[in-house]
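Analysis of the macromolecular model
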Amino acid sequence: MQKIRRATKKHRKVLLIVVIILAVGLVGSFAVWNSDSYGKNQGDDMTLAEQISLYEAYLANNEPAADAEVDYNTAASMAEVYMSLQRLYYTAYSQVAAEDADAGVQYYMQSVAAAGKAADYYQKQLDVAPENLNDYGKAQIIANQAQALAYTGASDDAKALFDQALALSPDNYDVASKYLDFLFINQGLDAARAYADSYKALIGESSEYYAQIDQIIGYYELLEQLQNTTDEVQQEEDAADETDSGADDTAQ
């Protein structure tokens, strides 16, 4: 259980970003099958477990066979479903890890596996991309794959893909925002600020994305404050646990 608690603490930045993503509606990717009967079951009052079950049932009934050829749109849809499922698994992990270490490990491993599947589908999407897909579009897919790989722990591979995406389309906001998340999670607030400044200099104050980059940095600053506060509370709890443990040893 202590290992799970430490893992939760280590990945808290990831978790906080995941929670924000879920809160602003990316789980709305249920829309990828809104013409299917599964879409009719969607509701704002669905529990986390129900959302996970819905995604799993959709994949069980709609995912192509492992040896099947996958077209561009199908690969994109499958990647989106797996990324949304990854976020749900990770949120479930964060909720149960402290109380049920075994369940926490299972959800965490499922989140990693889902991210890996998403990365595979993004690669399939690139492999069958139409010849007229421009660099802007290619960069977005590559950045999506980089983000998925980052959630599997393959940070070096993710960084290489982000570099590739930014080389193709340096002013692409979708790529830049994902790269900002990556930097904040892996290198911290200062690295994210430095890149944000360089991106704003590239696009200029007249860009519609200029202020949005500042808003993202503002979120990171808030998350940093929340993390620091939570770390202080955790340290106090750990100190109390050690004190209680010492008292028990003395009593024995």
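Every residue gets a number counted from 1 within its own chain, in the order that chain's sequence is written. The predicted nature of this model means local features are confined to residues of pLDDT at least 70 and side-chain atom pairs, given and counted, to a pLDDT of 80 or more, with totals for whole chains, interfaces and linings taken over all residues. Working from all heavy atoms in the structure, the side-chain values ignore hydrogens and water.

**Some thoughts on the packing of aromatic side chains**
Within 6.5 Å between ring centres, the rings of Phe, Tyr and Trp (the latter by its six-membered ring) count as paired, and their orientation is classed by plane angle as stacked under 30 degrees, edge-to-face over 60, tilted in between. The final tally for this structure, using the stated rule, is 12 aromatic pairs. With centroids separated by 6.0 Å and ring planes inclined at 20 degrees, the aromatic side chains of Tyr82 and Tyr121 adopt a geometry described as stacked. Placement of the pair is Tyr82 in helix 4 (residues 72–96) and Tyr121 in helix 5 (residues 101–127), with a sequence separation of 39 residues. Each of the two residues, Tyr82 as well as Tyr121, counts as buried. Aromatic side chains Tyr179 and Phe182 sit 6.3 Å apart centroid to centroid with 15 degrees between the ring planes, which places their arrangement in the stacked category. Linking Tyr179 with Phe182, this pair stays in helix 8 (residues 173–187), spanning 3 residues, or about one helical turn. Cluster of aromatic residues (ring-pair linked, three or more members): Phe162, Tyr179, Phe182, Tyr195 and Tyr199. Two limits define a charge over a ring: the Lys NZ or Arg CZ must be within 6 Å of the ring centre, and within 35 degrees of the ring normal. Above the face of the Tyr121 ring, Lys124 is positioned so that its terminal group lies 4.9 Å from the ring centre. Strands here are runs of E lasting at least two residues and helices are runs of H or I lasting at least four, both read from the DSSP assignment and numbered beginning at the N terminus. For every residue, the accessible area (1.4 Å probe, protein chains only) is compared with the maximum for its type, and the residue is labelled buried under 20%, exposed over 50%, or partly exposed between those bounds.

**A look at the nonpolar core**
Core analysis: the largest hydrophobic core is formed by 55 residues, its most contacted members being Leu180, Tyr195 and Tyr220. Contributing elements (two or more residues each) for this core: helix 3 (48–62), helix 4, helix 5, helix 6 (135–152), helix 7 (155–168), helix 8, helix 9 (189–203) and helix 10 (210–251). Ranked by the residues each element gives to this core, the list is headed by helix 4, at 10 residues. Discounting chain neighbours no more than four positions away, the residues touching Leu180 are Ala192, Tyr195, Ala196, Ile213, Ile216, Ile217 and Tyr220. Only buried residues count toward a nonpolar core, which is a set of Ala, Val, Leu, Ile, Met, Phe, Trp, Tyr and Cys residues joined through side-chain atoms within 4.5 Å. Throughout, a contact is declared for two residues whenever any of their heavy atoms are within 4.5 Å.

**A few points about the packing of helix 3 against helix 4**
Working convention: axes come from line fits to C-alpha atoms, limited for helices to the stretch in contact. Angles between N-to-C directions cover 0 to 180 degrees. Direction vectors running N to C along helix 3 and helix 4 enclose 150 degrees, while the axes themselves pass 10 Å from each other. Once helix 3 is placed against helix 4, the crossing between them reads as left-handed. Contacts between helix 3 and helix 4 involve Leu48, Gln51, Ile52, Tyr55, Glu56, Tyr58, Leu59 and Asn62 from the first element and Met78, Val81, Tyr82, Ser84, Leu85, Leu88, Tyr89, Thr91, Ala92 and Gln95 from the second. Note that Gly is not counted as nonpolar here; it falls among the polar residues with everything else outside the nonpolar set of Ala, Val, Leu, Ile, Met, Phe, Trp, Tyr, Cys and Pro and the charged set of Asp, Glu, Lys and Arg. Among the residues making up the contact of helix 3 with helix 4, the classes are represented as 12 nonpolar, 5 polar and 1 charged. Helix crossings are classified by the rotation of the near helix relative to the far one: an anticlockwise turn of less than a right angle makes the crossing left-handed, while a clockwise turn makes it right-handed.

**Some points on helix 3**
To estimate the expected span of a helix, count its residues, drop one, and scale the result by 1.5 Å. The terminal C-alpha atoms of helix 3 lie 21 Å apart, and with 15 residues this matches the ideal 21 Å at 1.5 Å per residue to within 8%. Every buried residue belonging to helix 3 is among Leu48, Gln51, Ile52, Leu54, Tyr55, Tyr58 and Leu59, and all of these are buried. Along the long axis of helix 3, the arc covered by the buried residues comes to 160 degrees, so they all point the same way. Turned more than 90 degrees away from the buried face of helix 3 sit Ala60 and Asn61, all of them exposed. Residues of helix 3 that are buried make contact with helix 4 and helix 5. To obtain the arc, one takes the directions from the helix axis to the C-beta atoms.

**Re the pattern of salt bridges**
Only one rule defines a salt bridge in this text: a Lys or Arg side-chain nitrogen within 4 Å of an Asp or Glu carboxyl oxygen. Counted by the stated rule, this structure contains 6 salt bridges. In this structure, Asp163 engages Lys159 in a salt bridge whose closest nitrogen and oxygen atoms are separated by 3.0 Å. Separated by 4 residues within a single helix, Asp163 and Lys159 lie in helix 7, roughly one turn from each other. Lys200 is the partner of Asp214 in a salt bridge, and the nearest nitrogen-oxygen pair spans 2.6 Å. Within this pair, whereas Asp214 is found in helix 10, its partner Lys200 is found in helix 9, the two being separated by 14 residues in sequence. Because the salt bridges share partners, they merge into one network encompassing Asp190, Arg193 and Glu221.

**A word on the confidence of the model for the protein**
Detailed conclusions should not be drawn from predicted coordinates in areas where pLDDT is low. On a scale of 0 to 100, pLDDT captures the predictor's confidence in every residue. Within the protein, residue pLDDT values average 83, and 74% of them lie at 70 or more. Across the protein, the element-wise mean pLDDT spans from 46 in helix 1 (residues 2–10) up to 98 in helix 7. Within the model, pLDDT remains below 50 along residues 1–10, and this stretch shows 18 contacts once partners closer than five positions in the same chain are excluded. Contacts of residues 19–41 to residues separated by more than four positions or lying in other chains number 35 contacts, the stretch itself having pLDDT below 50.

**Observations concerning the packing of helix 7 against helix 8**
Helix 8 packs onto helix 7 with a crossing angle of 150 degrees between their chain directions and a minimal axis gap of 11 Å. In terms of orientation, helix 7 and helix 8 fall into the roughly antiparallel class. Viewed along their axes, helix 7 and helix 8 form a crossing whose handedness is left-handed. Contacts between helix 7 and helix 8 pair Ser155, Ala158, Lys159, Phe162, Asp163, Ala165 and Leu166 from the former with Val175, Lys178, Tyr179, Phe182 and Asn186 from the latter. Tallied by class, the residues present in the contact of helix 7 with helix 8 amount to 7 nonpolar, 2 polar and 3 charged. Any angle that falls under 35 degrees is termed roughly parallel, while one over 145 is termed roughly antiparallel, one within 65 to 115 roughly perpendicular, and all others oblique.

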